[in-house]
Amino acid sequence: MSKLAPLAGTVIAATGAAHFVTPQAFASINEAAFPQNTGEWIKRNGATEVALGLGLVSRRTRKLAAVGLVAYSAFLGSRIAANRKG
């Protein structure tokens, strides 16, 4: 995992940065999780992904970033599940 973590972190950070460059690409998933203030949440989620991704790159912060990534994923999943119309 230690060799993959920097690569994964770079990909996650780049994806987070993409939230600011092409926010429309992330609108559907953010709308599913955050039907109100979707645009604001696109930026928040982008910033979170940049921070967590950069945290994975550094060996000193990798474990904390990994825990944060799990928590962030659970948060997004729970928001999507809570807002499902069914």
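Within each chain, residues carry numbers counting from 1 in the order of the written sequence. Confidence filtering applies because this is a predicted model: local features only for residues at pLDDT of at least 70, side-chain atom pairs given and counted only at 80 or more, and all residues used for totals across whole chains, interfaces and linings. By convention in this description, side-chain values take in all heavy atoms of the structure and omit both hydrogens and water.

A. Expanded view of the overall build of the protein chain. Along its length, the protein chain carries four helices and zero strands. Going residue by residue from the N terminus, the α and β elements of the protein chain occur as α-α-α-α. Projecting the C-alpha coordinates of the protein chain onto the three principal axes gives extents of approximately 40 × 25 × 15 Å. Every one of the 86 residues in the protein chain was classed for burial, and the buried ones make up 28%. Should any heavy atoms of two residues lie within 4.5 Å, those residues are considered in contact. Looking at the protein chain alone, contacts between residues at least 24 apart form 61% of all its contacts between residues at least 6 apart. Surface summary for the protein chain: the accessible area is close to 5700 Å², and the carbon and sulfur share equals 65%. Secondary structure elements are defined from DSSP: runs of H or I of at least 4 residues count as helices, runs of E of at least 2 residues count as strands, and each element is numbered from the N terminus. Think of it in three bands: with a 1.4 Å probe and only protein chains considered, a residue is buried below 20% of the maximum accessible area for its type, exposed above 50%, and partly exposed in between. With residues, only the protein chains shown are counted as cover, and all accessible areas are computed by Shrake-Rupley using a 1.4 Å probe.

B. Seen up close, the packing of helix H3 (residues 38–57) against helix H4 (residues 62–82). Every axis in this analysis is a line fitted to C-alpha atoms, fitted for helices over the stretch in contact. Angles between the N-to-C directions lie between 0 and 180 degrees. Packing of H3 against H4 brings their axes to within 7 Å, and their N-to-C directions diverge by 150°. Looking at the two axes, H3 sits roughly antiparallel to H4. Both H3 and H4 take part in a crossing whose hand is left-handed. On H4, the residues that touch Trp41, Asn45, Thr48, Glu49, Leu52, Gly55, Leu56 and Val57 of H3 are Arg62, Ala65, Ala66, Gly68, Leu69, Tyr72, Phe75 and Leu76. Within the contact of H3 with H4, the residues separate by chemical class into ten nonpolar, four polar and two charged. Orientation labels follow simple angle bins: below 35 degrees gives roughly parallel, above 145 gives roughly antiparallel, 65 to 115 gives roughly perpendicular, and whatever is left gives oblique. The sense of a crossing depends on the near helix, which, turned anticlockwise from the far helix by less than a right angle, makes the crossing left-handed and, turned clockwise, makes it right-handed. Only Asp, Glu, Lys and Arg are considered charged in this grouping, and only Ala, Val, Leu, Ile, Met, Phe, Trp, Tyr, Cys and Pro are considered nonpolar; every other residue, Gly among them, is considered polar.

C. Main features of the nonpolar core. Listed in full, the six residues of the largest apolar core are Ala33, Phe34, Trp41, Leu52, Tyr72 and Leu76. Listed by contribution, the elements that provide at least two residues to this core are H3 and H4. Excluding residues within four positions of it along the chain, Leu76 makes contact with Ala33, Phe34 and Asn45. We call a set of buried Ala, Val, Leu, Ile, Met, Phe, Trp, Tyr and Cys residues a nonpolar core when their side-chain atoms join them within 4.5 Å.

D. Quick peek at helix H1 (residues 4–21). With 18 residues, H1 extends 26 Å between its outermost C-alpha atoms, agreeing within 8% with the 26 Å of an ideal straight helix rising 1.5 Å per residue. By the burial criterion, the buried members of H1 are Ala5, Gly9, Ile12, Ala13, Gly16 and His19. Projected down its long axis, H1 carries its buried residues within an arc of 100°, all on one side. Summarising the geometry of H1, the exposed residues directed more than 90 degrees from the buried face are Leu4, Leu7 and Val21. On its buried face, H1 is in contact with helix H2 (27–33), H3 and H4. Each helix should span, by expectation, one fewer than its residue count multiplied by 1.5 Å. For this quantity, the arc is that covered by the directions from the helix axis to the C-beta atoms.

E. How the structure looks around a nonpolar patch on the surface. Nonpolar side chains (Val, Leu, Ile, Met, Phe, Trp, Tyr) are joined into patches within 5 Å and like charges within 9 Å, using only residues with over 30% relative accessible area and no salt bridge. Any carboxyl oxygen of Asp or Glu within 4 Å of a side-chain nitrogen of Lys or Arg constitutes a salt bridge here. There is a patch of nonpolar side chains on the surface, built from Leu4, Leu7 and Val11 and spanning about 300 Å² of accessible area. Overall, Leu4 belongs to the exposed group, its relative accessible area being 55%.

F. Up close: the packing of aromatic side chains. Working definition: a ring pair exists when centres of Phe, Tyr or Trp rings (six-membered ring for Trp) sit within 6.5 Å. Plane angles under 30 degrees give stacked, over 60 give edge-to-face, the rest tilted. Under the counting rule described, the total for this entry stands at three aromatic pairs. The interplanar angle of 0° and the centroid separation of 3.9 Å between the aromatic rings of Phe34 and Trp41 together place this pair among those described as stacked. Exposure class is identical for Phe34 and Trp41. Each is buried. Ring centres of Phe34 and Phe75 lie 5.9 Å apart, and the angle between their planes is 40°; on these two criteria the pair is classed as tilted. Taken together, the residues Phe34 in the loop between H2 and H3 and Phe75 in helix H4 connect sequence positions 41 residues apart. By relative accessible area, Phe75 is classed as partly exposed at 35%.

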